[in-house]
Amino acid sequence: MAMNRVINNPDLVVEDMLTGWLAAHADTVRAKADNPRVVQRVQAPERGKVGIVTGGGSGHEPAFVGYVGDGLCDAVAIGEIFSSPTAKSFLDAMRAADGGAGVACLYGNYAGDNMNVKMAAEMAAREGITVRTVVANDDVPSAPKGDEARRRGVAGEILMWKVGGARADAGGSLDEVIAAAQKAIGNTRSIGVGLSSCVIPAVGHANFHIEHGTMEVGIGHHGEPGIDVRATVTAAEMAELMLKVVLPDLPIVGGDRVAVLVSGLGATPVMEQYILYGEVAKRLQAQGITVAVNFVGNLFTSLEMMGVTLTLMKLDDELEALLKSPCRSVGLTVSGERAARDFSANVQAAQAVTAGGAATGQAAARAAAAARSFSGPTVALDASGDVVRALIATIVEHRQYLSEIDGLIGDGDHGINMAKGFNGCATRLDALGERAQSLPVALEQLSQALMDDIGGSMGPLYGRFFIGFVNTLEPHARMDAALFGDALAAAVANVQGMGNAQVGDKTLIDTLVPARDAFREAVAGGAGFVAALAAMSAAAEAGKDSTQALQARIGRSARLGARSIGVLDAGATSCWLILRAMAQALTQALPQAQSAKIPT
């Protein structure tokens, strides 16, 4: 083994870590029986208690798994090192925490987490689980003031979990828990200083570099760049620099009370963390700011990165009381006697909402299906599941082609990952037997397989795309051109809602939007179902082709600048293949009188 590390297989460090973690802390946590990437409190779920869920990439221990415990989180979804958990793991964590009073999912502001949490929350809603979210964005250097929505979540997440967990533990309703957690993160600001890089075991080398004798001010937990790189200074100067960034941002001024959290990033000695805390506390006192709560230690790390983060929360009576309330977990313990816990009001409220909501939702779906009229040729939805088989065959056939395209400006795994997810769907369909003949059922299986098996952003993006079809088609027995148009529009809206990509950014949006618009225009102009499908397929191909001349403005390839010009976008290409295969399969399912064919 080239790396001087305490590991077995570099590809299985997360699994091996969890094995040891669960063995060491079996008195407080356990793995969810059907998903080893979800860890929950041994008492969870508790009837009537609002569930607290979080999740994130591994390598930050004790975050995220270390904050599962009494008065804190009820369940956590665990991702690969520095990578978001899958939507399935987030959903399973929500299931594990749900006691009937709703679930508060409190997580950090990263693209993969945002996508997967949205998908999980949507699937949870279909199961009758109410999920609300609060997104941590406490990292000041990651975006300017006025653009806080783009800031990363860093160690301030710990204080958000503490406040939200305490409110839930005291019997708070979902609205009260969400309000407290939002108030907590809204009053929290953080900054990190990095002194060295870290190495992901499966990669074997650092993905960024900090020269000896320099420090990266404002660094993220994954090595994301900060404000600038400068010569390393003393702890006193470091404290001064960090406070000058975080104090004015709220602002925090003389007369305020604060909580202070100092965390090492993995390799910083605890001795040095306390040296920094002493310098911070001294300067706050000199400005008339009272430190009412403090936490110091390796609380939110980044493998073996050398450096520290500083987090300040501006307190009021509520926040201070919630931070000081008792809790117990591997990552954080506050001693004291837990107050009497009564969740009966939440049980009664949840029963009323669930009963009323389910009845209303079912009635609305039935009414919508009954009221809709159909025009022209239609497809029987309960007998057209083979459309999904056609999509699977297309992606598997073009696996190598998609990976070759991706390898020119990406990491070369798009086709491999897509084929893995689509093949996973084939296995699921085989297990369903005759039920797989239903198009909504088959599409839902495809969505779940992609979210379970595809890493990065493609899993949630395509998963949400196909869920748009499922939600639109499910109440109906047949599909005409108008209903397909509605389903396609819902699917595209789902993808657009998960990110900021626009036409021209060199993404799958460059394929999807022209395809949607072409189908709409064809139907509005009087074209039949098959002709509209042909127009959609042609527009998708033109949209895919347009990406060759574009410079990537979003995603990993955006870092290449002008070097990304001249290459097709892999996501736009796989999207074209999917829409073309869908058009061909639906054409075959329509009456033979509609003889137009989709180009191959």
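Quick note: structure is the one above.
The sections below set out a description of the structure shown in this document. (Residues numbered from 1 in each chain as written. Predicted model: local features only at pLDDT ≥ 70, side-chain atom pairs only at ≥ 80, totals over all residues. Heavy atoms only, no water.)

1. Observations regarding the environment of aspartate 413
- Structurally, aspartate 413 is set in the loop between helix H11 (399-409) and helix H12 (414-432).
- Note: C-alpha distance between aspartate 413 and leucine 402 (11 residues apart in sequence) is 8.2 Å.
- Leave out the neighbours within four places in its chain, and aspartate 413 touches Ser403 and Asp406. (Helix = DSSP H or I, 4+ residues; strand = E, 2+ residues; numbered from the N terminus. Contact = heavy atoms within 4.5 Å.)

2. Concerning the side chain of serine 89
- Along the chain, serine 89 turns up in helix H2 (residues 87-97).
- Taking the relative accessible area as the measure of exposure, serine 89 reaches 5% and is therefore buried.
- Not counting residues up to four positions away in its chain, the partners in contact with serine 89 are Asn35, Arg37, Val38 and Ala77. (Buried < 20%, exposed > 50% of the residue type's maximum accessible area, 1.4 Å probe, protein only.)

3. Examining the sheet that holds strand E11 (residues 290-297)
- Ordered by their spatial adjacency, six strands build an open sheet running E9-E8-E7-E12-E10-E11, and the pairing between neighbours is mixed. The sheet terminates laterally at strand E9 (228-231) and E11, the two strands that pair on one side only. Within this sheet the neighbouring strands show an average axis-to-axis angle of 20 degrees, counted without direction.
- Strand direction decides the pairing type here: strand E7 (residues 188-194) and strand E8 (residues 214-217), joined by two bridges, are antiparallel. The residue bridging valine 193 from the neighbouring strand is valine 217, located in E8.
- The sheet strands contacting helix H4 (residues 156-169) are E7, strand E10 (257-264), E11 and strand E12 (307-314), and the helix crosses E12 at an angle near 40 degrees.
- The sheet strands contacting helix H8 (residues 317-324) are E10, E11 and E12, and the helix crosses E11 at an angle near 35 degrees. (Pairing = 2+ DSSP bridges. Axes fitted to C-alpha atoms, helices over the stretch in contact; angles between N-to-C directions.)

4. Comments concerning helix H15 (residues 481-496)
- Compared with the 22 Å implied by 1.5 Å per residue over 16 residues, the 22 Å span of H15 between its first and last C-alpha is a close match.
- Along H15, the residues classified as buried are Ala481, Leu483, Phe484, Gly485, Ala487, Leu488, Ala489, Ala491, Val492, Asn494 and Val495.
- Looking at the buried residues of H15, the elements they touch are helix H14 (458-473), strand E16 (478-479), helix H16 (509-524), helix H17 (529-546) and helix H18 (570-589). (Expected span 1.5 Å × (residues − 1).)

5. Focus on unusual backbone geometry
- Across the junction of alanine 44 and proline 45, the peptide omega takes the value -5 degrees, indicating a cis bond.
- With respect to the element layout, proline 45 can be found in the loop between strand E2 (35-41) and strand E3 (51-58).
- With an omega dihedral of 5 degrees, the bond running from alanine 63 to phenylalanine 64 counts as a cis peptide bond.
- Checked against the element boundaries, phenylalanine 64 lands in the loop between E3 and strand E4 (75-81).
- A positive phi angle is found at leucine 303, which is not glycine, with a value near 50 degrees.
- Mapped onto the fold, leucine 303 is located in the loop between E11 and E12.
- Residue lysine 506 is not a glycine yet carries a positive backbone phi of 70 degrees.
- Mapped onto the fold, lysine 506 is located in the loop between H15 and H16.

6. Thoughts on the pattern of salt bridges
- Under the defined criterion, the tally for this structure stands at 40 salt bridges.
- In this structure, the salt-bridge partner of aspartate 74 is arginine 41, at a minimum N-O distance of 2.9 Å. Of this pair, aspartate 74 sits in the loop between E3 and E4 while arginine 41 sits in strand E2, and the two are 33 residues apart along the sequence.
- Judged by its relative accessible area of 2%, aspartate 74 falls in the buried class.
- The exposure class of arginine 41 is buried, given its relative accessible area of 2%.
- The salt bridge partner of aspartate 249 is arginine 151, with a shortest N-O separation of 2.7 Å. Placement of aspartate 249 in the loop between helix H6 (235-246) and E10 and of arginine 151 in the loop between strand E6 (131-136) and H4 is noted, with a sequence separation of 98 residues between them.
- Sharing partners across several salt bridges, the network here consists of Arg41, Glu46, Lys49, Asp70, Asp74, Asp169, Arg338 and Arg341. (Salt bridge = Lys/Arg side-chain N within 4 Å of Asp/Glu carboxyl O.)

7. Thoughts on the pairing of strand E1 (residues 29-32)
- With four bridges connecting them, E1 and E2 associate as antiparallel partners. From the neighbouring strand, lysine 32 faces E2, where its bridge partner is asparagine 35.
- From the end of E1 to the start of E2, which pair antiparallel, there are two residues.

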